[in-house]
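# Fold and contact review
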Amino acid sequence: MNKNLRKAVIAGNWKMNKTRPEAKALLEAIIPLVANAKDKIEVIACVPFTNLETAVAVTAGSNIKVGAENVHFEKSGAYTGEISADMLSEVGAEYVVVGHSERRQYFGETDETVNKRTKAALAGGLKPIVCVGELLAEREANITEEVISRQIKLDLADISAEDVKKAIIAYEPVWAIGTGKTATADQAQEVCAFIRATLAKLYDNATADAVTIQYGGSMNAKNCAELLSKPDVDGGLIGGASLKAEDFNVIVQAAVEG
Ligand code: 13P
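We now turn to the structure provided with this report. (Residues numbered from 1 in each chain as written. Predicted model: local features only at pLDDT ≥ 70, side-chain atom pairs only at ≥ 80, totals over all residues. Heavy atoms only, no water.)

### Comments concerning the packing of helix α7 (residues 144-155) against helix α9 (residues 185-202)
Operational definition: Axis angles are defined between N-to-C directions and span 0 to 180 degrees, where every axis is a line fitted to C-alpha atoms and, for a helix, only to the segment in contact. Strands here mean DSSP runs of E at least two residues long; helices mean DSSP runs of H or I at least four residues long; both are numbered from the N terminus. Here is the rule for angles: anything less than 35 degrees is roughly parallel, anything more than 145 is roughly antiparallel, 65 through 115 is roughly perpendicular, and the remaining ranges are oblique. Crossings are classed by handedness, with left-handed meaning an anticlockwise turn of the near helix from the far one by less than a right angle and right-handed meaning a clockwise turn. The criterion used for residue contact is that any of the two residues' heavy atoms lie within 4.5 Å. Side-chain classes follow a simple rule in which Ala, Val, Leu, Ile, Met, Phe, Trp, Tyr, Cys and Pro form the nonpolar group, Asp, Glu, Lys and Arg form the charged group, and the remainder, Gly included, forms the polar group.
With their axes 10 Å apart at the nearest point, α7 and α9 run at an angle of 45 degrees to one another. Between α7 and α9, the crossing angle belongs to the class labelled oblique. Seen along the crossing, α7 lies across α9 with a hand that is right-handed. Every residue of α9 that contacts α7 at T144, E145, I148, S149, I152 and K153 is listed here: V191, F194, I195, T198, L199 and L202. Along the lines of polarity and charge, the residues of the contact of α7 with α9 split into seven nonpolar, three polar and two charged.

Right, dumping it as structure tokens:
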């Protein structure tokens, strides 16, 4: 397994934060800080739907790519409040977060709908960032691997090797999200390696080696270097720390340094 086969990806997940003027100001602060990461790592800002057009305009010509935080699985139709992959692509989004634990927890997202949304994203030309992760009770019951294996198999069901290489998998232990409790670098490595081994079984070694696997959950300026130094941790999906330009940049620079 060779980390050099993959580009590191640092993605901010802004969640339900920032109005358009605030989004513009944050991105304008981040752009010059991370300019040196061009060609070395991928930097993404996943922003609320209402900020997408602003984010695409502000980041034009920079090395920051823009993503959305969710996508509906149908192409169009009577789905009040939902947004399709075509709508996201048209506005200039290149990535989309799918199956975040907050969506699973608060909005009834299931592995079945995560699978449908992942397929819709790929069909619409978007690169999905597919989130998986165990609850605290599941870790304490020693069933982390069972939970992750089940999520990976169901979330990626009927997705080809060619398509899965366009996806990013984010390992986000639910107990570490927004809690200030980070998985240790060894815990993150262990599960990211397990995800890669699961991909190797479902597809093949070359495919597993090509897929970027991120860690997410209270990653910050202090703990990022150790997490990102691990062989199967190819990047980070950052919540709180992505809302502060300096902190986000520290994480980007840690990924540049490997
Ligand atoms: P925090 O970095 O705020 O813990 O959030 C992580 C996350 O959920 C990213 O998707």
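### A few points about the pairing of strand β5 (residues 127-132)
Where we set the bar: Working definition: with a 1.4 Å probe on protein chains only, accessible area under 20% of the residue-type maximum means buried, over 50% means exposed, and in between means partly exposed. Two strands qualify as a pair provided that DSSP identifies no fewer than 2 bridges between them.
With five of six residues buried, β5 lies mostly within the body of the structure. Both strand β4 (residues 95-98) and β5 contribute to a ladder of four bridges, which runs parallel. Residue pairing across strands places V97 opposite I129, the latter belonging to β5. Here β5 pairs with strand β6 (residues 168-171) via four bridges, running parallel. The residue of β6 that forms the bridge with C131 is A170.

### Observations concerning the layout of surface pockets
Convention followed: The method works on a 1 Å grid over the protein atoms by themselves. A cavity is a set of points holding a 1.4 Å probe that cannot get out, a pocket is an open set with protein on both sides within 12 Å along at least five of seven lines, and residues with an atom within 4 Å of a point line them. Grid points are joined across faces, edges and corners, and a volume is the space filled by probe spheres set on the points.
Quantified by volume, the largest pocket comes out at close to 420 Å³. What lines the largest pocket is a set of 19 residues, and nearest its centre among them are K15, M16, E69, R103 and F107. Here the lining of the largest pocket is composed, by residue class, of eight nonpolar, six polar and five charged.

### Section: the side chain of E134
Rules: Polar contacts, as used here, are pairs of N or O atoms within 3.5 Å; protein pairs need one atom able to donate a hydrogen and one able to accept it. Residues neighboring in sequence count only if both atoms are side-chain atoms.
Position of E134 relative to the elements: it lies in the loop between β5 and α6 (136-140). Within the local environment of E134, its side chain forms a polar contact with the side chain of W175, the two groups lying 2.9 Å apart.

### Re the nonpolar core
Cut-off, in case you're wondering: Definition used in this section: a nonpolar core is a set of buried Ala, Val, Leu, Ile, Met, Phe, Trp, Tyr and Cys residues joined via side-chain atoms within 4.5 Å.
One finds I10, I169, I195, L199, Y215 and L228 to be the most contacted residues of the largest nonpolar core, which totals 68 residues. At eight residues, α9 tops the list of elements feeding residues into this core. V9, Y95, I129 and I168 belong to the second-largest nonpolar core, a separate cluster that totals 11 residues.

### Observations regarding the site of the ligand
The following threshold applies: Only heavy atoms are used to decide nearness, and a residue is near a molecule or strand if one of them lies within 4 Å of it. Note on areas: these come from Shrake-Rupley sampling with a 1.4 Å probe, and a residue is covered only by the protein chains present in the view.
If you check the shell around the ligand, you find N13, K15, H100, E172, A176, I177, G178, G217, S218, L237, G239 and G240 and nothing else. Between the ligand and N13 there is a distance of 3.0 Å, counted from an oxygen atom to a side-chain nitrogen or oxygen. K15 is positioned with one of its side-chain polar atoms (N or O) 2.8 Å from an oxygen atom of the ligand. In the complex, 94% of the free accessible area of the ligand, which totals 310 Å², lies under the protein chains. Across the shell around the ligand, the residue classes tally to three nonpolar, seven polar and two charged.

### A look at the packing of aromatic side chains
What counts, and what does not: Paired rings are identified among Phe, Tyr and Trp, the last through its six-membered ring, by centres lying within 6.5 Å, and are further divided according to the angle between planes into stacked (under 30 degrees), edge-to-face (over 60) and tilted (the rest). Only when the NZ of Lys or the CZ of Arg is both within 6 Å of the ring centre and within 35 degrees of the ring normal is a charge said to sit over the ring.
Enumeration according to the criterion identifies two aromatic pairs in this entry. A ring pair is formed by Y106 and F107, whose centres lie 6.4 Å apart and whose planes are at 90 degrees; its orientation type is edge-to-face. The aromatic ring of F73 is capped on one face by K116, whose charged end is 4.4 Å from the ring centroid.

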